Amino acid sequence: PQLYNEEMTIEGVDARHISKVLRMQPGAQLQIVSDDGVSALAEISAIDSEKVTVRCLEKLAESHEPRVKLTLAQGLAKGEKMDFIIQKAVEMGAYSIVPVAMEHSVVRLDGAKAAKKVERWQKIAEAAAKQSGRGKIPEIGGQVLKFKDAVAEAKRLDGAIIPYEREEKTGLREFVKDFKGESIGVFIGPEGGFAEEEIALAKENGITPITLGKRILRTETAGMTTTAILLYELD
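Residues numbered from 1 in each chain as written. Predicted model: local features only at pLDDT ≥ 70, side-chain atom pairs only at ≥ 80, totals over all residues. Heavy atoms only, no water.

Here we come to the side chain of Ser34. Among the secondary structure elements, Ser34 is positioned in the loop between β2 (29-33) and β3 (39-47). Taking the relative accessible area as the measure of exposure, Ser34 reaches 6% and is therefore buried. A distance of 2.5 Å separates the side chain of Ser34 from the side chain of Asp36, its partner in a polar contact. Excluding anything up to four places from it in sequence, Ser34 contacts Gln2, Leu3, Tyr4 and Met8. (Helix = DSSP H or I, 4+ residues; strand = E, 2+ residues; numbered from the N terminus. Buried < 20%, exposed > 50% of the residue type's maximum accessible area, 1.4 Å probe, protein only. Polar contact = N/O pair within 3.5 Å; in protein donor to acceptor, adjacent residues only side chain to side chain. Contact = heavy atoms within 4.5 Å.)

Here's what the structure looks like:
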């Protein structure tokens, strides 16, 4: 979490991982990504259990980030499903993930409990971003949003879709064919699916209902499927 500089320091959990788990020594090289999005090859110049000092050797031009910024608005899911969804969405290239409380969400989060969950999900996103070589750590919305607020936020994007089992005409192929923007929102319902009122509100605000095919997918499958297809087609 620093702006790019020729000499930078890595502290805390990352420093302990580099020194105690990876057992790297001065002279070893690693890739860093700074807060301003610069990716660089760096060499360790000094190391102890709490701080690693690195000297940047060269900026790396290659970006691992998709051209299209995909925001996943995910209906709250039970148990460890949210952890799984966030991990996989980050691996696949989602730009940000917004947890959304929907009418049919079994999970109910508010106040301190919600804040604690969001903090946990952010750590999962960070670990997944490192593992998959991302150029940024996707942000998990600072709070759990109500559906109407998530819909309002989607207006800032170039387009948004909502996979819905009762939609039979418009598929992803048709939507992608006409989409020319650089940011897109994907609304995924919880285990119980969307309420009809939510679909109506989405339509009123320009969010396009689409079908994912002849089978109804689980909430943890639908987001991955949609993300994979969209980023393949648009990137």
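Bringing helix α7 (residues 219-234) into the picture now. A rise of 1.5 Å per residue sets the reference length of α7, with its 16 residues, at 22 Å; its end C-alpha atoms lie 23 Å apart and thus fit the reference within 8%. When we look at burial in α7, the residues that qualify are Thr219, Glu220, Ala222, Gly223, Thr226, Thr227, Leu230, Leu231 and Leu234. One side of α7 holds all its buried residues, which, seen down the axis, span an arc of 165°. Its buried side turned inward, α7 meets β5 (69-75), α2 (81-92), β9 (159-163), α5 (172-178) and β10 (183-188). (Expected span 1.5 Å × (residues − 1). Arc of directions from axis to C-beta.)

A separate point is the packing of aromatic side chains. What describes a pair of aromatic rings is the distance from one ring centre to the other and the angle between the planes of the rings. Applying the stated criterion across every chain, the model contains three aromatic pairs. Summarising the aromatic geometry, the rings of Phe147 and Phe187 are spaced 5.8 Å apart at their centres and angled 65° between planes, so their arrangement reads as edge-to-face. Highlighted residues: Phe147 in helix α4 (residues 147-154) and Phe187 in strand β10, separated in sequence by 40 residues. Accessibility classification places Phe147 together with Phe187 in one group, the buried group. By the ring-pair criterion, three or more aromatic residues cluster together here, those being Phe147, Phe187 and Phe194. Across from the ring centre of Tyr95, 4.3 Å away, lies the NZ or CZ of Lys136, which sits over that ring. (Phe/Tyr/Trp six-rings, centres within 6.5 Å; stacked < 30°, edge-to-face > 60°. Lys NZ or Arg CZ within 6 Å of the ring centre and 35° of its normal.)

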